[in-house]
Amino acid sequence: MIIVIGASSSTGVYLIDELITQKREVFATSKTKYNDKFYNSKGVSYARIDITKKEEFERLPKANVEVVVLLAGLLPANLTEFDPKYYEEYIDVNIKGTLNTLEYCRKNKAKIIFASSHSDVAGLWNCNRAITEDDPRTINYRGDHAVYIISKIAAMDLVEHYYQEYGVQGISFRFPAVYEYHPRTGIYTGNKFVKAGFIIFVEKAMKGDPIEIWGDPKKGKDIVYVKDVTGAIIKAIDTPKVHGLYNIATGICTTLEDEVKGIIDVFSPKDCRSAISYDTSKPDTLSYLYDISKAKRDFGYEVKYPFKKMLEDYKKEMKLNPPRFPELRDRQ
């Protein structure tokens, strides 16, 4: 049995959907009260639990549990403001919640796959090379992500501690921003809701409106699609003995210029293609690239959705009627 904690997260719903397709036995959990009807309709057992409360893990299965995939966590993007009053919640959800999950895994002899963030190496972004798992942590101690990533690092260290001390097979995945189609078009940054730049480009391309590229157009990012992320998780589930930290990305830097050109190719009407203009006086985009050779070697991770193919699949997802997972999306 595979337990997915964080079943209402974007990665969670795609992962469980794929596990159902593969006819795997899945048990879904989240803190959200709206999910039980949806997952039960899919033949998936569901429990609403708060991972900060150890006693609530008693409601989870205790037999034949192979792996727990921990996707639940408190993220800055889910908060409506940047305020120190949330610091304790980061500690409770991201650290205490991970500790409780690890105790459950230890008692039930299950391995854990833990989802982390790439902000633990934020100081290496813009370094013009691929970041590896052996690179030292270099976090930014200022801003709305600081306490969040401190809590995620502590959680990762707990995963490693439980491996070395108790033999709990622990796998931590370092994810950059995971792209997937969602009706929600932005995130909270600081104290305001901001539409994602990628969404702005797509919306402009669909209308044939001009798109302006700011900063150095040759700088870019490692863009990973949710379906490659779910593929990595399943590969890790199926691989015995693998443990430790892994970069889950594409190993390809898609420049801002190539990103915009790809979006125009896929989304602009053929008779009304968006024109590109450049303003190099504006700040450059963040730039980062990840070495994924360790994940390829250890459990056969494959990138099936490089950027252009990702865009084509994203467009298909947009056109689904009804959209995928509407019962969950409307509640997020």
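Placed above this text is the structure.
Residue indices begin from 1 for each chain and proceed along its sequence in written order. Reporting in this predicted model follows two pLDDT cut-offs: at least 70 for local features of residues, and 80 or more for side-chain atom pairs to be given and counted; totals over whole chains, interfaces and linings ignore these cut-offs and use all residues. Computation of side-chain values covers all heavy atoms of the structure but excludes hydrogens and water.

Focus: helix H1 (residues 10-21)
Then, number 1: Across its 12 residues, H1 extends 17 Å between first and last C-alpha, which sits within 8% of the 16 Å expected from 1.5 Å per residue.
Then, number 2: Only protein chains enter the accessibility calculation, which uses a 1.4 Å probe. A residue is then buried if its area is under 20% of the maximum for its type, exposed if over 50%, and partly exposed in between. Under the DSSP-based scheme used, a helix requires at least four consecutive residues in state H or I and a strand at least two consecutive residues in state E, with every element numbered from the N terminus. Ser 10, Thr 11, Gly 12, Val 13, Tyr 14, Leu 15, Ile 16 and Leu 19 are the residues of H1 that are buried.
Then, number 3: In the stretch just after H1, Lys 23 is the one whose phi turns positive, near 60 degrees. One less than the residue count of a helix, multiplied by 1.5 Å, gives the span that helix is expected to have.

Some details on the sheet that holds strand S2 (residues 26-30)
Pairing between the strands of a sheet comes from backbone hydrogen bonds, and it takes one of two forms, parallel or antiparallel.
Then, number 1: Strand pairing is assigned whenever DSSP detects at least two bridges linking the two strands. With parallel pairing, the 7 strands of this open sheet are ordered in space as S3-S2-S1-S4-S5-S6-S13. A strand with exactly one partner marks an edge of an open sheet, and here the two such strands are strand S3 (45-48) and strand S13 (244-247). The sheet shows a mean angle of 20 degrees between the axes of neighbouring strands, direction not considered.
Then, number 2: Sheet topology note: the strand S1 (residues 2-5)/strand S4 (residues 67-70) ladder contains 4 bridges and is parallel. Looking at S4, one finds that Ile 5 is bridged to Leu 70.
Then, number 3: Any two residues whose heavy atoms approach within 4.5 Å are treated as being in contact. Axes, fitted as lines to C-alpha atoms, cover a helix only where it is in contact. Angles between the N-to-C directions of the axes lie from 0 to 180 degrees. Of the strands in this sheet, S1, S2 and S4 touch H1, which is tilted by about 160 degrees from S1.
Then, number 4: Running at roughly 155 degrees to strand S5 (residues 111-117), helix H4 (residues 146-166) makes contact with S5, strand S6 (170-175) and S13 of the sheet.

Function cannot be read off these values alone, since they describe shape.
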